[in-house]
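The primary structure of each chain is shown beneath.
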Amino acid sequence: MKYVLVSGGVISGIGKGVIASSTGLLLKTIGCKVSAIKIDPYMNVDAGTMAPTEHGEVFVLNDGGEVDLDLGNYERYLNVTLTRENNITTGKIYQHVIQKERRGDYLGKTVQVVPHITDALQDWIERVARVPVDDTNEEPDVCIIELGGTVGDIEAAPFVEALRQLRRRVGKGNFVQIHVSLIPVINGEQKTKPTQQAIRDVRSAGLAPDLIACRCQQPLEKSTTNKIALFCDVDVEQVLAVHDCNSTYHVPLLLEQQQLISLLRTTLKFDELLLQPRLVEKGKAIWNEWRELTLAQDRLFDTVNIALVGKYTNLHDSYLSVIKSLEHASMKCGQKLNLIWVDSEMLEEEASHTNSAKYHKAWHNVCTADGILVPGGFGARGTEGMIAAAKWARTKGIPYLGICLGMQIAVIEYARNVCGMKDANSVEIVPSTENPVVIFMPEGSKTHLGGTMRLGIRPTIFQADSEWSKLRHLYGDVPQILERHRHRYEVNPEYIDRLTEAGLNFVGKDDKGERMEVVELKDHPYFVGVQFHPEYLSRVLDPSKPYLGFVAACSGMLEKIMSASQKVHLTNGVSV
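The rules behind the values
- Along each chain, residue indices are assigned from 1 in the same order as the chain's sequence is written.
- Per-residue local features are limited, in this predicted model, to residues with pLDDT of at least 70; the limit for side-chain atom pairs, both in listing and counting, is 80 or more; totals at the level of whole chains, interfaces and linings are taken over all residues.
- Side-chain calculation: all heavy atoms of the structure are included, whereas hydrogens and water are not.
- Three exposure classes are used, based on accessible area relative to the maximum for each residue type with a 1.4 Å probe and protein chains only: buried under 20%, partly exposed in between, and exposed over 50%.
- Numbering of helices and strands runs from the N terminus, with a helix taken as a DSSP run of H or I at least four residues long and a strand as a DSSP run of E at least two residues long.
- An arc is given here, and it is the one of the directions from the helix axis to the C-beta atoms.
- In what follows, a contact means two residues having at least one pair of non-hydrogen atoms within 4.5 Å.
- When DSSP finds two or more bridges between a pair of strands, those strands are recorded as paired.
- What makes a nonpolar core is a set of buried Ala, Val, Leu, Ile, Met, Phe, Trp, Tyr and Cys residues whose side-chain atoms join them at distances within 4.5 Å.
- A pair of aromatic rings is counted whenever rings of Phe, Tyr or Trp (Trp by its six-membered ring) have centres within 6.5 Å, and the orientation is called stacked for planes under 30 degrees apart, edge-to-face for over 60 and tilted otherwise.
- Two conditions define a charge sitting above a ring: the NZ of Lys or the CZ of Arg must be within 6 Å of the ring centre, and it must be within 35 degrees of the ring normal.
- Here a polar contact is recorded for every N or O atom pair within 3.5 Å, except that within protein the pair must consist of a potential hydrogen donor and a potential acceptor, and residues adjacent in sequence are included only if both atoms are side-chain atoms.
- One speaks of a salt bridge when a side-chain nitrogen belonging to Lys or Arg is within 4 Å of a carboxyl oxygen belonging to Asp or Glu.

A.B. asks: Is there a simple way to explain helix H20 (residues 558-565) in this structure?
C.D. replies: Think of an α-helix as turning once every 3.6 residues; residues three or four places apart then point the same way. Inspection of H20 places Leu558, Ile561, Met562 and Ser565 among the buried residues, and these make up the whole buried set. The arc that holds every buried residue of H20, seen down its axis, measures 100°, which confines them to one face. Turned more than 90 degrees away from the buried face of H20, the exposed residues are Glu559 and Lys560. Looking at the buried positions of H20, the neighbouring elements they touch are helix H12 (320-333), helix H17 (470-474) and helix H19 (545-554).

A.B. asks: Hey, could you run me through the environment of Thr23 in this one?
C.D. replies: Summarising the element assignment, Thr23 is placed in helix H1 (residues 16-29). With 229 residues separating them in the primary sequence, Thr23 and Pro252 have C-alpha atoms 6.9 Å apart. Apart from the residues within four sequence positions on either side, Thr23 is in contact with Val4, Ile144, Ile178, Leu255, Leu260 and Leu264.

A.B. asks: Can you help me understand the pairing of strand S10 (residues 211-216) in this one?
C.D. replies: The side chains of a regular strand alternate between both faces of the sheet. Of all 6 residues that make up S10, 6 are buried, and the element is covered over most of its length. Burial of the side chains of S10 extends over both faces: Leu211, Ala213 and Arg215 are buried on one face and Ile212, Cys214 and Cys216 on the other. By the bridge criterion, 5 bridges tie strand S7 (residues 175-182) to S10 in an arrangement that is parallel. When the bridges of S10 are listed, Val180 appears paired with Ala213.

A.B. asks: Sorry if this is basic, but what is going on with the nonpolar core here?
C.D. replies: Side chains that are nonpolar tend, in soluble globular proteins, to be buried together. Within the largest apolar cluster, 50 residues are counted, with the highest numbers of intra-cluster contacts made by Val4, Leu27, Cys32, Leu78, Ile144, Phe270 and Trp290. Counting residues per element, this core draws most heavily on H1, which supplies 6 residues. Discounting residues that sit within four places of it in the chain, Trp290 has contacts with Leu25, Tyr77, Tyr249, Pro252, Leu253, Val540 and Leu541. Counting 47 residues, the second largest nonpolar core, distinct from the first, contains Ala389, Ile398, Met407 and Ile412.

A.B. asks: I'm lost on the packing of aromatic side chains in this one. Help?
C.D. replies: Both the distance between ring centres and the angle between the ring planes are used here to describe each pair of aromatic rings. What the rule picks out here adds up to 11 aromatic pairs. Centroid distance Tyr249 to Trp290: 6.2 Å. Interplanar angle 75°. Geometry classified as edge-to-face. Placement of the pair is Tyr249 in the loop between strand S11 (239-243) and helix H9 (251-257) and Trp290 in helix H11 (residues 277-295), with a sequence separation of 41 residues. Residue classification places Tyr249 among the buried positions, given a relative accessible area of 1%. Taken together, the aromatic side chains of Tyr77, Tyr249 and Trp290 make up a single cluster linked through ring pairs. Cation over ring: Arg127 sits above Trp124, and NZ or CZ is 5.3 Å from the ring centre.

A.B. asks: Explain the side chain of Asp68 to me, please; I cannot follow it from the model alone.
C.D. replies: Relative to the helices and strands, Asp68 is located in the loop between strand S4 (66-67) and helix H3 (70-78). For Asp68, the side chain forms a polar contact with the side chain of Lys38, separated by 3.0 Å. Not counting the four nearest positions on each side in its chain, Asp68 is found in contact with Lys38, Asp40, Tyr42, Ala47, His55, Phe59 and Asn87.

A.B. asks: How should I be thinking about the pattern of salt bridges in this particular structure?
C.D. replies: Working definition: two side chains of opposite charge can pair if their charged atoms are close together. Considering all chains together, one arrives at 29 salt bridges under this definition. Between Lys38 and Asp68 there is a salt bridge; the shortest N-O distance is 3.0 Å. One end of the pair, Lys38, is in strand S2 (residues 34-40); the other, Asp68, is in the loop between S4 and H3, and 30 residues separate them in sequence. The two residues Lys38 and Asp68 agree in class, both being buried. The partner of Arg515 in a salt bridge is Glu490, with the nearest N and O atoms 2.7 Å apart.

Function cannot be inferred from these measures alone, as they are strictly geometric.
Structure follows, in structure tokens:
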């Protein structure tokens, strides 16, 4: 087993996740089987209870694991299926060790950070790294390990020590470290001192970076590269320049141009690996398709304007998977994505009195968009604005996609304005509403938040007489699909007959026929709501079908995309 550690210095949020994912992709293109692990030094057991405005979106895996958003990057770039154990946190590893101590596994010894926490971390990494994650169902050749935060943080110290020991444990030729650092530009000059200090810090902690990935706004000047090589005591070839690109999908191309594959081959002694010829050929095909698709982005002229009406629009990472899914779909449709951020609170009537300028601007953005997307979220804030946006899309024939809360919003809007239930609402928003068309799920917990939602991959069955459904066509007219979920509330089954009689079609339900999964309007260009989160299964080379249909409808090419979907076996959405 080979390991590639990606760490960071100077500042957090520097792009380690994209560099780690890009490195993994390049390894796959030469025929390697690749897995990935993310280490997050925070005390939370998982990411499930953190607000999206605090740490970005919570990404959900097949097994229901609520994990860091970087695992979404790994799955999208590497086309793998990870588990909750691929995300290690301080809370999770301490919980693991304390449980062993309570069982008496340490036989009376004093339990300490070194060696017990550090040994547990190494054992965890080595065990999880060998778990099959792709369609070969074979043990991976390489595991990418991303260490969150920055080296030098107090909370990261046990992880740094464990990784130092892991390097010794696995032996020379089986471990390589890429340290990501920042090259700021001051008065037009690229400054190397922060990187020099970052390398001193990481070496003083016991690690020895083999490659230095330098993040900068502009391509590194030759003198800057030479200076870093000189004062950080590495060869010039070991300094990788990762400047800002038009798209993060260009980062693998940037690293490939700088011979990263060749450097990894040499350092990790890939000659020892017996790469399967079929995987080598598959890797070449993936790389050719990736290059063709991502480079075509720079030659696109037609623009599709999507209004994202949400509540966490001040931090775009709150909707990272949604953004990526829209990008995947736009590339597939040959469109340049123009994502318009609309704060749903600014669409509400109250905003017209308190902030009229933002109110009118928000409505202008909604009214001029090619399509409207309402993503997931929690709580009452901004929901009336979402309902207003859904009404506009429904009545004006504008393509609409509602995800999780966005589907519930569409149901509430329809109940109010078509079925005549003027006070229809969700009990999450108005607990005392007389027409609770959205209710709390019976099996949910109202006392514990962590890990108590309806989570993970679950089946959706397309119903009889739904052959007309656009979404069903996009999935290839299969009877059943599997998608990932994350929700506490659901459409109230008691209102289904009344809503259906009024023309709101629940074309997809769960395997018991009790829980509403897909809602769609028949005589509308594209009006779809899904209770699941299809963005979690979207891939760069295989876009999520609800998003693909939405962007295609916004671009006036839905019929073409649906026709193509009938001819291709669909892996996305795990059609069965």
